[in-house]
Amino acid sequence: MLPTALDSLANHQLFPMQKHVEVSLQASYRTMNEYTDRTKFVWLVFHGYGQLTEFFIRKFQVLDPDDHFIIAPQGLSKFYLEGFSGRVGATWMTKEDRLTEIDNQQRYLRAVLESEVGDLSQGKKLILFGFSQGVATMCRFAAYNDFSFDRMVLWAGTFPHDLSKEDTRHWPSDFPMKYFTGRDDPFLKPGMIEAQEERLIELTGVHPEITQFDGKHEVRPELLHRVYQ
């Protein structure tokens, strides 16, 4: 059989090939309050799509600064929210080169947590808090890394579809899991809460505490006390 023109092109490697190279980069994040001997709770908070930590972290100003230390990582990809100038937002990842973005994300998050609190000694409790797109990022970070956490908050977001029960096997056997959603959230579809609850129980064995509030797709600071009480 005579080779086709497509075979000929492939044999000569004329098609573009995607490659990767490791580089050393700087990536920002923000903290709020001081990490001291008096700190009781450390919050690792993951913002939603199109947000910046500069503004997202302000949601947590209602917390007692003596008891709560907040760490807010920043999505590594930034973009203009409208057009080619003006307000800037960030995203944790896209479908493009997805696995590489997840890997970069994990390295960055490990570095942030290690830089700020190390092994969380002295009985301090780690709260994982994800909002919207940040929920999937938070869950993957907890799944792909072996570290202890006290509780997990899924706020207006869904557990990532690509994680399995095997991925969560090292999580605590029983820990407080909180699920918050606004009744008027435009992303909330009929049956979504029940489906999420079933999936969380199936994959983690933990029954989430579900809170519905009067509001849209937003973090309500006045409800944050329910996370750690």
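Residues numbered from 1 in each chain as written. Predicted model: local features only at pLDDT ≥ 70, side-chain atom pairs only at ≥ 80, totals over all residues. Heavy atoms only, no water.

Caption draft 1: Geometry of the overall build of the protein. A count of helical and extended segments in the protein gives 6 helices and 9 strands. Oriented by its inertia axes, the alpha-carbon framework of the protein measures out at about 75 × 40 × 40 Å. Excluding contacts between residues fewer than 6 apart, the proportion of contacts in the protein whose partners are at least 24 apart in sequence is 72%. In the structure as shown, the protein presents an accessible area of about 13,400 Å², 50% of it carried by carbon and sulfur atoms. Between the averaged position of the 25 positive side-chain charges in the protein and that of its 32 negative side-chain charges there is a distance of 3 Å. (Helix = DSSP H or I, 4+ residues; strand = E, 2+ residues; numbered from the N terminus. Contact = heavy atoms within 4.5 Å. Areas by Shrake-Rupley, 256 points an atom, 1.4 Å probe, with all protein chains shown as cover. Lys, Arg positive; Asp, Glu negative; His and termini not counted. Charge placed at Lys NZ, Arg CZ, Asp CG, Glu CD.)

Caption draft 2: A look at helix α5 (residues 192-204). Here α5 is 13 residues long and its end C-alpha atoms lie 18 Å apart, about the 18 Å a rise of 1.5 Å per residue gives. Residues of α5 that are buried: I193, Q196, L200, L203 and T204. Buried positions in α5, seen along its axis, are confined to an arc of 105° and lie on one side of it. The outward face of α5, more than 90 degrees from its buried face, is lined by the exposed residues E194, E198 and E202. Against the buried residues of α5 lie β7 (151-155), β8 (177-182) and β9 (209-213). The positive-phi residue at the C-terminal boundary of α5 is G205, with phi of around 80°. (Expected span 1.5 Å × (residues − 1). Buried < 20%, exposed > 50% of the residue type's maximum accessible area, 1.4 Å probe, protein only. Arc of directions from axis to C-beta.)

Caption draft 3: Fine view of helix α4 (residues 133-144). Helix length check: α4 (12 residues) gives 17 Å between terminal C-alpha atoms against 16 Å at 1.5 Å per residue, within 8%. Counting buried residues along α4, 10 of its 12 residues qualify, which places the element largely inside the surrounding structure. Among the residues making up α4, those that are buried are G134, V135, A136, T137, M138, C139, R140, F141, A142 and A143. Of the surrounding secondary structure, the elements contacted by the buried residues of α4 are β2 (41-46), α3 (98-117), β6 (125-131) and β7.

Caption draft 4: Representation of the pattern of salt bridges in the model. Applying the stated rule across the entire model yields 12 salt bridges. Residues K178 and E209 are paired through a salt bridge, measuring 3.0 Å at the closest nitrogen-oxygen approach. Of this pair, K178 sits in strand β8 while E209 sits in strand β9, and the two are 31 residues apart along the sequence. Judged by relative accessible area, K178 falls into the buried class, the value being 5%. (Salt bridge = Lys/Arg side-chain N within 4 Å of Asp/Glu carboxyl O.)

Caption draft 5: How the structure looks around a nonpolar patch on the surface. On the surface, V21, V23 and L25 cluster together into a nonpolar patch covering about 370 Å² of accessible area. A relative accessible area of 72% means that L25 is categorised as exposed. (Patch = residues over 30% accessible without salt bridge, like charges linked within 9 Å, V, L, I, M, F, W, Y side chains within 5 Å.)

Caption draft 6: Region of the structure containing the sheet that holds β6. Strand order across the open sheet formed by 7 strands is β1-β3-β2-β6-β7-β8-β9, with mixed pairing between neighbours. Both outer strands of the open sheet, β1 (29-32) and β9, are each paired with one neighbouring strand and no more. Recorded for the sheet is a direction-independent mean angle of 15° between the axes of neighbouring strands. Taken together, the 4 bridges between β1 and strand β3 (residues 68-73) define a ladder with antiparallel strand orientation. Counterpart to M32 in the pairing with β3 is I70. On top of the sheet, α3 reaches β1, β2 and β3; it is set at about 155° to β3, its chief contact. (Pairing = 2+ DSSP bridges. Axes fitted to C-alpha atoms, helices over the stretch in contact; angles between N-to-C directions.)

Caption draft 7: Here's a closer look at the nonpolar core. Counting 35 residues, the largest nonpolar core has L128, F149, M152 and L154 as its most contacted members. Among the secondary structure elements, those contributing two or more residues to this core are β2, β3, α3, β6, α4, β7, β8 and α5. Top contributing element to this core by residue count: α4, with 6 residues. When sequence neighbours within four positions are dropped, the list of residues in contact with L154 reads G130, V135, M138, C139, F159, M177, K178, Y179, F180 and L200. Grouped together as the second largest cluster of nonpolar side chains are 22 residues, M32, F129, L224 and V227 included. (Core = buried A, V, L, I, M, F, W, Y, C linked by side-chain atoms within 4.5 Å.)

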